[in-house]
Amino acid sequence: MQRMCVTLLMFLIFLIGHVRAAEQLTLKDVLQLAEQNNKEIRLARTNLKLAAAQKKEAISTALPKVNLQLNYNRNFLENIFYFTTRDPATGQ
């Protein structure tokens, strides 16, 4: 029984050591994973984009605006309107 426990313990140590060896990451990999999966960093990036958009909006409203509108009408013929109505007193 004791021999079986020792064998099982050695097998588990071997498996744990093998799994840990496969998962070893460099510092660069760990920092990259932390940066990708960190909600606060993603939220901060989103806030930076929002702040940049608000700054652009504030600058665009603060700058002066120049508008130009030009209209040109020319009548080639004299416009005369004829209409007939009934006389309210006589009804004709």
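Residues numbered from 1 in each chain as written. Predicted model: local features only at pLDDT ≥ 70, side-chain atom pairs only at ≥ 80, totals over all residues. Heavy atoms only, no water.

Okay, the overall build of the protein chain next. Helix and strand counts for the protein chain come out as three helices and zero strands. For the protein chain, the N- to C-terminal ordering of α and β elements is α-α-α. Taken as a whole, the protein chain presents about 10300 Å² of accessible surface, with 61% of it coming from carbon and sulfur. (Helix = DSSP H or I, 4+ residues; strand = E, 2+ residues; numbered from the N terminus. Areas by Shrake-Rupley, 256 points an atom, 1.4 Å probe, with all protein chains shown as cover.)

Moving on, we come to the packing of helix H2 (residues 27–37) against helix H3 (residues 39–62). At their nearest, the axes of H2 and H3 sit 5 Å apart, and the two run at 60 degrees to each other. Here H3 runs oblique to H2, going by the angle between their axes. In this structure, H2 uses Ala-34, Glu-35, Gln-36 and Asn-37 to contact H3, whose residues at the interface are Lys-39, Ile-41, Arg-42 and Arg-45. (Axes fitted to C-alpha atoms, helices over the stretch in contact; angles between N-to-C directions. Parallel < 35°, antiparallel > 145°, perpendicular 65-115°, else oblique. Contact = heavy atoms within 4.5 Å.)

Okay, the pattern of salt bridges next. Scanning the entire structure with this criterion turns up one salt bridge. The partner of Arg-45 in a salt bridge is Glu-35, and the shortest N-O contact between them spans 2.4 Å. Taken together, the residues Arg-45 in helix H3 and Glu-35 in helix H2 connect sequence positions 10 residues apart. Classification of Arg-45 by relative accessible area gives partly exposed; the value is 40%. (Salt bridge = Lys/Arg side-chain N within 4 Å of Asp/Glu carboxyl O. Buried < 20%, exposed > 50% of the residue type's maximum accessible area, 1.4 Å probe, protein only.)

Before going further, it helps to spend a moment on the confidence of the model for the protein chain. Looking at the protein chain as a whole, the pLDDT averages 81, with 87% of positions reaching at least 70. Confidence scores differ between elements of the protein chain, with helix H1 (residues 2–22) showing the lowest mean pLDDT of 70 and H3 the highest of 93. (pLDDT = per-residue confidence, 0-100.)

A cluster of nonpolar side chains, contributed by Leu-8, Phe-11, Leu-12, Phe-14, Leu-15 and Ile-16, occupies part of the molecular surface with about 600 Å² of accessible area. Position of Leu-15 relative to the elements: it lies in helix H1. When its relative accessible area of 36% is taken as the criterion, Leu-15 is described as partly exposed. (Patch = residues over 30% accessible without salt bridge, like charges linked within 9 Å, V, L, I, M, F, W, Y side chains within 5 Å.)

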